[in-house]
Structures are given as C-alpha cells and as structure tokens.
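# Inside the fold
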Amino acid sequence: MGLLPAEVPDIPEARSEIVPARLARKLAPLFGVPWERSPFGPQTWVSDYNKITLSEIARGAPLRTRGRAKAPVADPGTWAIVDRIAVTGPGGSLPNEIPNATLNRFGPDTKAAVVLTATNRLLVPVVDAVESAMGLLVAADGSELPVRSRLAAWAALVLEAFRTQPALVAAAIRARTIQRELLVDWYLPLAGASAELPLTRCEVGGPHADGGAGTSSRPRDLQLADHTVRLLGSDVPGEVVDRFLRELMAIGTQRSSSHLWLSERRPGQLAVEALVPPTEQVDRYVEQVAHLLDQDSSPTGVLPRIPKASELAGLPVLARRAVLIGLLTVLRQVRFDAEGREQTRVAIVPMLAEVATLATECLGPGDPLTVLARCRAADMTVHTLRHDRRNDLAEAVEELLAQVERCIELAEEGVVDRGAAAEAVSSANVEINIVRRTNAADPAARLPSPAKLDDWLRRTWDAYRRILQISPDWPADPDSRLAVGHHLHNYASYLASHPDDESDLLAAVELFAGTVIPARELYWKRTQSFLPLRQSLQVATRATTTLSRLAAEAGRRAQAAHWAECGHGWICQALDDRETAELLARPTEPAAHFCLLAVPALLAAVEAGVAGPDEVERSGRLLAVAEDWVRRVTDGSEASYSHYELLADLRRRLDTLR
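Residues numbered from 1 in each chain as written. Predicted model: local features only at pLDDT ≥ 70, side-chain atom pairs only at ≥ 80, totals over all residues. Heavy atoms only, no water.

Next up on the list: the overall build of the chain. Of regular secondary structure, the chain possesses 27 helices and four strands. Relative to the compact-globule value of 26 Å for 658 residues, the chain shows a C-alpha radius of gyration of 28 Å, a close match. By principal-axis analysis of the C-alpha atoms, the chain measures approximately 90 × 60 × 50 Å. When the 658 residues of the chain are sorted by exposure, 55% land in the buried category. Of the roughly 28600 Å² of accessible surface on the chain, a fraction of 51% belongs to carbon and sulfur atoms. Positive and negative charge centroids in the chain, built from 73 and 85 side chains respectively, lie 4 Å apart. (Helix = DSSP H or I, 4+ residues; strand = E, 2+ residues; numbered from the N terminus. Rg over C-alpha atoms; globule rule 2.2 N^0.38 Å. Buried < 20%, exposed > 50% of the residue type's maximum accessible area, 1.4 Å probe, protein only. Areas by Shrake-Rupley, 256 points an atom, 1.4 Å probe, with all protein chains shown as cover. Lys, Arg positive; Asp, Glu negative; His and termini not counted. Charge placed at Lys NZ, Arg CZ, Asp CG, Glu CD.)

Here is the structure:
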C-alpha cells in the first residue's frame, strides 16, 4: 500500500462532475490503481501512455492486438477476461463503456485531455492532503520555514504521490506536457479597418478561445503540482513545477538512481514498485531551483514545529500522513546539510521522538506511515548520537531494531509497499552496522553484542533482497543489473565490514567492482553527480585495505600489493574529483567519514610499496580534517569518539612512516 493513494470516486450528483468521475473509474485500473468495486475485480494493468488508445480508456481495459485476433471470445452478449484482455461476445460490451461522443468533447488532444481530467479527479484527496500539510508546516517559533525547507517538503509530497502510483502520475505528466504545448494561443489583433469582421470558431482569435488558460474540457494543469505549488509563493510557479516534473519523468530511466520494477501484488493485479531515495532526489532538486523562490540564501538549521495530535485529529488520514511526511522531510533536509546537522545535533533528538509519538497517536500503530516514520526517526536518532560514546544509544537502537522488523513484516504482508520498506531497511542497516563495529563493542553501552547485531543484519539483508524481489540468478540484461546494482551499495558495505571473514571481503570487492561501481559510474556520466560514486569508491577501499593487511600478515606480499593497488586506484579516483575537493574544504561529518576511509587506503599503498611518499603527506592533511571534526563533535573530548581507536591507529602509522 502506498502512502498517498489515488481514490476512485463514486458517481456524484452534480451533472458537471459525472464525466470526470466516470473517466477516473476507467483510467484507474489501466494505470495500476486498484479499485475494490471494479467490474474486473482486482485486475489492474500498467499501461504505456504512448501505446494506450482512447478506445481502451473508454472500455476501461486493453483491447486485443491484431496478432491475437483469433483469441477466444466470450459467450454472446457477455464479456470475460482472457489472458489479461477484456473480450466480448457477439452483441456484448463491457460495463459502462464511455461513448465516443463524450470523449470527443475533450481537447485539443483528446487522449491527453481525458487522461489529465481523470487523473486530477483520482488525486483530489491527495491534492487536498498536500495543501493541508503545507499550511501546517512552520518553524519551531511559529514563523515561516526557510524557502529550502518549504520547497523540500512540497517536492517530497509530490514525489510520494508519484511513488505511490508511478504509472498514473507519469501518464498525467505526459498529458500535461501535450496539453500545454497545444494550448499556447496566438494573440493576433485585427487591423482597425477589419475590426468588425466576424471570425469563425476555428480561426485564430475566434469565439470560444480560452487564451491558453484551459477549461474543464481543455485542461492544462496537473493539480497535484500546478495547484499546490502556489503555496510556495513563487513568481515563476510554472518553472518550479516544470523542473520537478522533468525530474519525476527521469525516474525509471537510466538518468535516475531510482529502481522501478513490475510486480504482481495479487493474482492479476500488476503494479509498479518504486525504490526512490527521497533525500537525494529532493535535495538535488532544491539545489537547482531554490533561487527561483528566494534570491538570498536560506538559513540552515531551522527546525519545524511539531503539532499536537489533537491539531491533526480532524484531518483525513491522507492529510495526517502528508503532515508527517512533510515534517520528516524538513528534518531530513536539515540533517542532509553539513552545517545544519551540526547546529541541530542536540535539539533534533527530542523532536524526532515527538514525530514518532505523533505518528502513533494520530494514525495508529497499524498504519504503514507510522511504522516508516518511527523507523526513520529512530534511524536519524542513532545517526545523531552514535558518534559520541557518552550518549546513551540503548533505547534508540532497540526502537530501530523493532521498527525495521515491523517494517519487513508489513512489507511481506503487503501493508507497506516494497520500495518504501527497502529504502527504510537499507538506511537503518547502515546505522546498525556502524553501531555493531563501534559502540556495541563497549560492554557498558548496554547494547546487543556485535555478534547478535551481525546475525540480525544478515537476516534483514536477506529480507531486503526478498522485498526487492531479487532472485539468486540476477537478471542477464546489463541495464537491469545496473539499475538494481546502484542500490546494493549498502549491502556491499556491510560485507566489507568483516575484517576476519575473507569470504565476505572478497564478495564485497566482487559486488563493488562488478556491479555497484559500474552502476554508479554510469549514473555519474549521465547526471554529472559524483556523490554516489564517491561513496562507493571510498567504502570499497575498506575491503581492499583489509584484504591487503590479511595477505601481508600471511606472507603473501604480491597479493597484499595487488589489493593495496586496487584500493589506491579507487581512492585516487575519488580524490581527483572536484566535488571531493569542495567536500574537504571544511571539517564536516561527511568529510571526516571520507578521510577515515581514504587515509587507510593511502597508507596501505605506501606500506605495500605501490605508492610513493607523497601519499604520506596527503594522508596527514586528510587526517587533520577528520581530527578537526572529531574535536568539534565531542567538544574536545576525542577519546569519547566512537572511532577513536581507528583515529589513534592512523595517527601512529602516519607518524611511523614520516
């Protein structure tokens, strides 16, 4: 179940609303939206906008192709579903087919106008929910949130509506594009001498022209985006929407890091599953268009006000979900900004607890968003606190473990959709794996032992692959393999974090080298976004550096040099990029994380004799960046840093090589 689903309407009493409702009922199953009272039962299709015909929309089901003209037919005067096609017998028709005369009222492009009209009707509750949520998102002091935060919340809500029903919204975006191109009218004033000349209906400037504004039968707006964007107060709302819709249309193509696939949720019910990392998608968009709303840079670290459950009690379920999605987006956006993260490190923790409580109180424990919200809040809490061993992690880790297990359970029951569950599990597993290697090693931390956490992680990574429906024999198609490969980075990172298990380390290198890094290199070339590739390059060196050390300890010097050289090549590729240089200009958490992976790779290369002394000096500069941030995050108490032993060991090795 998606979080912001379309709703198939009842037939209204108002005459003007009857046709849009009838169109909505026909369109929904064709684009993967289930309807309990559909004459076709649970049957849904995932149609291609470019291939579907008006006749199929009028029928509400696909027609047989010429190649299947001899397929079985139904009995006279009846209809049936045969091989996922609705067939009729002689003299028969499908229930409530819409006549051509009704469809032909729509234009300029009849199919585009019909699809846009029907989608707008299906998404009315979602549009209302987005508008309600945006009105409730304010700063903690009651003032307006910064532009970037409001833009991020709006984009995340539209993205969630897309992710819930990708085929439907994608078709509507195509229809909107066509309608807007055709509804751009010429303005040609008549010369004075011809002012009284009567123009016909089909002439430029003739009667019934709408000036491109659109009418009920000539729609031009996708209300999900075009109506809700007004809440941002932009002077150029069309451009704000156009850019985001282009981003959405890239999802599912090779220009996106998202992974979309077809899945049969129930017998006959085909749907699009969507793994769309929201933070990356939204933050990239915000960076592109924030200047269109505000010429000045927005302040960082402004946290939202968390409303009381009583304030949301009167809202529909979708509106309550939308408020929580907006709140989590603003909090994630603050955490995604390096400076905002440091400014709010203390204040954000109680806020995350308030969001988790709000989700339970206003939606109930069984709602899919309650589980996802509590999982995300616990994830961010662990990430915020784990750097300093003086912080008590026990309660947050216990909550995260419980919510991940609940998320997996509900995903396998069909309550939480696969894409959202996979994103939550993957993100949470990163945090638990870091805790396993650091904080959990301290008996005084009151955490499950590293061995227990490792067993838990192996089970949940197995569940992750089940949720993504990845079979043991991977798809042979290279593009399909690379599409899902982008999202196996965190699993490969987990394998790379086992210093005493050579089989896991070798599996990690194979997965990074053969799938993850090629997938992210392809993404970098197509989008010029280096961040995902840099993250894989830096983490992959953890496996090669460890393999080099194990080989050296076993006296296999040639093998040690091979692995050190491999890791050195990967980390140099990361270091040579412009974005990495910008990252290292300030002592931030992402910069420190990079340095603590880069320095071991560089030192291993020097120790194995595959790199020169220049790398020792570069290692010193990188380690200084990490040490500066550690002092900042621990208020000068470096020994309480969760990776202090690693930091001290790197300093010792560096001093020895100098």
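Below, the discussion takes up the pattern of salt bridges. Opposite charge on two side chains permits them to pair, given that their charged atoms come into close proximity. Counted under the stated rule, the structure contains 46 salt bridges. When the shortest N-O distance is used, the salt bridge between Glu-247 and Arg-284 registers 3.4 Å. Of the two residues, Glu-247 sits in helix 9 (residues 237-250) while Arg-284 sits in helix 10 (residues 278-289), which places them 37 residues apart along the sequence. Its salt-bridge partner being Arg-389, residue Glu-645 comes within 2.7 Å of it at the nearest N-O pair. Here Glu-645 is found in helix 27 (residues 644-657), whereas its partner Arg-389 is found in the loop between helix 15 (368-385) and helix 16 (394-412), with 256 residues between them in sequence. Overall, Glu-645 belongs to the partly exposed group, its relative accessible area being 48%. One continuous salt-bridge network, built from bridges that share partners, spans Arg-176, Arg-180, Arg-220, Asp-221, Asp-226 and Asp-242. (Salt bridge = Lys/Arg side-chain N within 4 Å of Asp/Glu carboxyl O.)

Pairing analysis gives four bridges linking strand 1 (residues 79-82) to strand 2 (residues 85-88), with the strands arranged antiparallel. Across the sheet, the residue bridging to Ile-81 is Ala-86, located in strand 2. Linking strand 1 to strand 2, which pair antiparallel, is a turn of two residues; within it Asp-83 sits at a positive phi near 55°. (Pairing = 2+ DSSP bridges.)

This part takes up the side chain of Glu-247. On the basis of relative accessibility, which here comes to 11%, the residue Glu-247 falls in the buried class. Within the structure, the side chain of Glu-247 is placed 3.4 Å from the side chain of Arg-284, a separation counted as a polar contact. Filtering out sequence-adjacent residues up to four positions away, Glu-247 remains in contact with Gln-281, Arg-284, Tyr-285 and Gln-288. (Polar contact = N/O pair within 3.5 Å; in protein donor to acceptor, adjacent residues only side chain to side chain. Contact = heavy atoms within 4.5 Å.)

Between its first and last C-alpha, helix 16 extends 28 Å over 19 residues, near the 27 Å set by a 1.5 Å rise per residue. Every buried residue belonging to helix 16 is among Ala-394, Ala-396, Val-397, Leu-400, Leu-401, Gln-403, Val-404, Cys-407, Ile-408, Leu-410 and Ala-411, and all of these are buried. Looking one or two residues beyond helix 16, the residue adopting positive phi is Gly-414, at roughly 85°. (Expected span 1.5 Å × (residues − 1).)

One finds Leu-151, Trp-154, Leu-224, Val-240, Leu-248 and Phe-594 to be the most contacted residues of the largest nonpolar core, which totals 209 residues. Of all the elements, helix 25 (residues 589-607) adds the most residues to this core, at 13 residues. Apart from residues no more than four positions distant in its own chain, Phe-594 is found in contact with Arg-534, Gln-538, Ile-571, Ala-574, Leu-575, Thr-580, Leu-583 and Leu-584. (Core = buried A, V, L, I, M, F, W, Y, C linked by side-chain atoms within 4.5 Å.)

Taken together, the side chains of Trp-186, Leu-188 and Val-204 make up a nonpolar region of the molecular surface, amounting to roughly 360 Å² of accessible area. Residue placement: Leu-188 occurs in the loop between helix 7 (166-182) and helix 8 (223-226). (Patch = residues over 30% accessible without salt bridge, like charges linked within 9 Å, V, L, I, M, F, W, Y side chains within 5 Å.)

As a further point, take the environment of Glu-273. Structurally, Glu-273 is set in strand 4 (residues 269-275). On the accessibility criterion, Glu-273 (2% relative accessible area) is buried. Sequence separation between Glu-273 and Trp-261 is 12 residues; the distance between their C-alpha atoms is 5.4 Å. With residues up to four places along the chain from it excluded, the contact list for Glu-273 reads His-259, Leu-260, Trp-261, Ser-263, Arg-265, Asp-417 and Arg-418. One polar contact links Glu-273 to Arg-265, side chain to side chain, over a distance of 3.1 Å.

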